[in-house]
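Chain and residue survey
Chain by chain, the residues run as shown.
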Amino acid sequence: MAVRHVTKISSLTRPEVAGVLRLALDMKARPEDYHDALKRKTLLMLFEKPSLRTRVSLEAGMTSLGGHGIAYMTGDSPIGVKESYEDTGAVLSRMADAVTARVKSRDQIAGLAANATIPIVNALDDYAHPMQMLADLQTIVEHKGGDAPDVERALGGKALAFVGDCCNNVTYDLMRAGALMGLDVRVAGPTGEGFDVEPSVLEECAALSAAPGGGAVTVCATAEEAVSGADVVYADSWMSYGIEGAARDSRLAALMPFQVTTDLMTQAAPDAIFMNCLPAVRGEEQTADVIDGPQSVVFDQAENRLHAQKALLVKLICKEL
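Anyway, here's the lowdown on the structure attached to this text. Here the structure is a predicted model, which means the values were calculated and not measured.

1. Brief notes about the overall build of the protein
Helices and strands together make up the secondary structure of the protein, namely 13 helices and nine strands. By the compact-globule yardstick of 20 Å for 321 residues, the protein fits well, its C-alpha radius of gyration being 19 Å. Principal-axis analysis of the C-alpha atoms places the extent of the protein at approximately 55 × 50 × 35 Å. Residue burial in the protein is summarised as follows: out of 321 residues, 54% are buried. Considering only intrachain contacts with a sequence separation of at least 6, the fraction spanning at least 24 residues in the protein is 76%.

2. Here we look at the environment of Glu193
Topologically, Glu193 is positioned in the loop between β6 (184–188) and α8 (199–210). As a C-alpha pair, Glu193 and Ala96 span 97 residues in sequence and 41 Å in three-dimensional space.

3. Section: the side chain of Ser57
Structurally, the position occupied by Ser57 is in helix α2 (residues 53–64). Polar contacts involving the side chain of Ser57 include one to the side chain of Gln309, which spans 2.8 Å. Sequence-distant contacts of Ser57, that is, excluding residues within four places in its chain, are made with Arg305, Leu306 and Gln309.

4. Considering the packing of helix α5 (residues 130–144) against helix α7 (residues 169–181)
Contact geometry for α5 and α7: axes closest at 10 Å, N-to-C directions at 55°. Here α5 lies oblique to α7, going by the angle between them. The chirality of how α5 crosses α7 is right-handed. Taken together, the residues of α7 that come into contact with α5 (itself represented by Pro130, Met133, Asp136 and Leu137) are Val170, Asp173, Leu174, Ala177 and Met181.

Calculation rules
- Residues numbered from 1 in each chain as written.
- Predicted model: local features only at pLDDT ≥ 70, side-chain atom pairs only at ≥ 80, totals over all residues.
- Heavy atoms only, no water.
- Helix = DSSP H or I, 4+ residues; strand = E, 2+ residues; numbered from the N terminus.
- Rg over C-alpha atoms; globule rule 2.2 N^0.38 Å.
- Buried < 20%, exposed > 50% of the residue type's maximum accessible area, 1.4 Å probe, protein only.
- Contact = heavy atoms within 4.5 Å.
- Polar contact = N/O pair within 3.5 Å; in protein donor to acceptor, adjacent residues only side chain to side chain.
- Axes fitted to C-alpha atoms, helices over the stretch in contact; angles between N-to-C directions.
- Parallel < 35°, antiparallel > 145°, perpendicular 65-115°, else oblique.
- Left-handed = near helix turned anticlockwise from the far one by under 90°.

Right, dumping it as structure tokens:
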């Protein structure tokens with residue numbers, strides 16, 4: 001069986017995503033049933049970018065499954081400089097059972113996967129964030145699927161609005177996830193250099209949408225257009241690390257019309273939920289009364305990183321994908 005890598009959410013098929021989500025829901029309900037699911041297995045976690053939720057959820061997850069997680073900060077090594085990512089992937093394949101990598105570039109993920117004989121999982125790059133997508137989809141199923149939800153039915157036909165910076169990894173993978181799993185995804189944000197969705201993402205989403213059961217993906221002109229009647233309203237951080245001074249002021253001015261406010265939430269469905277993959281800045285991508293209000297599910301969403309990632313790792317390491 002060929003080794004499976006997960007570089008973006010669309011690395012998985014619709015039935016595979018549904019299978020991971022079903023396992024995640026069961027793991028969350030009955031964690032004791034999986035205490036040795038990855039006994040004596042080792043996950044190496046490479047971190048070039050800072051992490052809190054990713055590192056803690058992966059380490060805690062591997063421990064709860066009977067395995068071991070090693071966090072390695074790439075600043076401590078010559079990866080990509082003295083040693084290529086291709087060589088690193090080959091070497092780690094002889095020492096660990098899977099690798100997750102939180103890095104700056106899609107090229108780094110591709111390099112790790114090129115010669116690896118163990119699963120390489122993208123834990124965030126500049127193009128995708130598949131582990132976050134699984135947690136997000138699990139959260140939507142839990143809040144919109146009713147009791148004992150059918151995963152695919154809970155997602156199919158739901159409308160998700162993303163407002164803010166549309167030129168980023170989370171937005172791109174939300175679009176792919178919606179097209180793959182049958183959600184109606186609408187995104188809205190500033191336009192122009194540094195804000196426009198990459199054409200390759202739009203092309204991929206069009207192909208996924210055309211498949212049976214695919215969801216629609218639409219780029220909207222305004223936040224109100226995207227949010228109208230939505231079941232889920234989603235925001236993400238406006239500022240990457242290191243954006244300061246005039247650049248920060250310019251971004252704030254461009255993004256402020258896409259802030260999620262209480263007034264904007266009234267345009268969504270009455271029972272809409274609010275999501276943000278965190279960290280969040282009150283007063284930027286959303287107001288405090290939204291993220292701290294009754295429609296917010298951001299902490300359920302954060303917790304589900306643990307369960308969704310555990311399910312994905314079990315499926316990959318045990319060769320069930």
